[in-house]
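Analysis of the macromolecular model
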Amino acid sequence: MKQKDLHIDGIDKIILKQLINDARTPILSIAREVGISGAAIHQRLRKLEASGLIAGSNLVMNPKVLGYKTLAFVGIFLDAASKYSAAIKRLKEIPEVVESHYTTGNYAIFIKILCRDNEHLMNLLNKEIQSIKGVARTETFISLDQQINRQINL
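**Considerations on the packing of aromatic side chains**
- Applying the stated rule across the entire model yields 5 aromatic pairs.
- Between the aromatic rings of Phe 77 and Tyr 107, the centroid separation amounts to 5.1 Å while the plane-to-plane angle is 70°, which identifies the pairing as edge-to-face. One end of the pair, Phe 77, is in strand 1 (residues 70-78); the other, Tyr 107, is in the loop between strand 2 (97-102) and strand 3 (109-115), with 30 residues separating them in the sequence.
- Between the NZ or CZ atom of Arg 137 and the centre of the ring of Phe 77, over which it lies, the distance is 3.8 Å.

Below is the structure:
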């Protein structure tokens, strides 16, 4: 289904909002709220998945419980644009790197990393990231607090 063919009605919005709020919300609970059958809810969800609007569902862990108390963003400057693919390949091998973005602006790559503490962060930067062939330098931003973490509004 093409995006232009996708029509989201009020019932679809209720379903999506419920599941965004808690992906474990029982389908029958949503069905009772909107006044249609559980089978109809499943059918609508399949339509939304087929359209590409629903890209998946994830279990979200709290990294702090696992001991990862430092979250940082790192801007990576490459010495040549041709080093991008090799740098990404190496970054994928570092488990603490949880996101990477190819960006416009100053950095070629912008990554999000989770570390146990500042010492772990320093070692990761010095021994792993800055030693990647093609990395000219990095700029690091430590997150002190996260106030917003949400999906786009419907």
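Having seen it, we continue.
**Section: the pattern of salt bridges**
- Enumeration over the complete set of coordinates arrives at 8 salt bridges.
- Asp 22 is the partner of Arg 24 in a salt bridge, and the nearest nitrogen-oxygen pair spans 3.9 Å.
- Judged by its relative accessible area of 32%, Asp 22 falls in the partly exposed class.
- Its salt-bridge partner being Lys 112, residue Glu 99 comes within 3.7 Å of it at the nearest N-O pair. Of this pair, Glu 99 sits in strand 2 while Lys 112 sits in strand 3, and the two are 13 residues apart along the sequence.
- Residue classification places Glu 99 among the partly exposed residues on the basis of a relative accessible area of 34%.
- Overlapping salt bridges, with partners in common, bring together Asp 9, Asp 12, Arg 44 and Lys 47 in one network.

**Some points on the pairing of strand 1**
- Most of strand 1 sits out of view: 8 of its 9 residues are buried.
- In terms of strand pairing, strand 1 meets strand 3 through 7 bridges, oriented antiparallel. Residue pairing across strands places Gly 75 opposite Phe 110, the latter belonging to strand 3.

The rules behind the values
Throughout this document, residue positions are counted from 1 along each chain, in the order its sequence is written. Where totals are concerned, whole chains, interfaces and linings use all residues; where local detail is concerned, this predicted model gives features only for residues with pLDDT of at least 70, and gives and counts side-chain atom pairs only at 80 or more. Note that the side-chain values use all heavy atoms of the structure and ignore hydrogens as well as water. Only Phe, Tyr and Trp rings take part, Trp by its six-membered ring, and two of them pair if their centres are within 6.5 Å. Stacked means planes under 30 degrees apart, edge-to-face means over 60, and tilted covers everything else. Runs of H or I in DSSP of at least four residues are treated as helices and runs of E of at least two as strands, each being numbered from the N terminus. By definition here, charges over rings are those cases where NZ of Lys or CZ of Arg is within 6 Å of the ring centre and within 35 degrees of the ring normal. When a carboxyl oxygen of Asp or Glu is within 4 Å of a side-chain nitrogen of Lys or Arg, the pair counts as a salt bridge. Note on classification: 1.4 Å probe, protein chains only; a residue is buried when its accessible area is under 20% of the maximum for its type, exposed when over 50%, partly exposed between these limits. Should DSSP find at least two bridges between two strands, the strands are regarded as paired.

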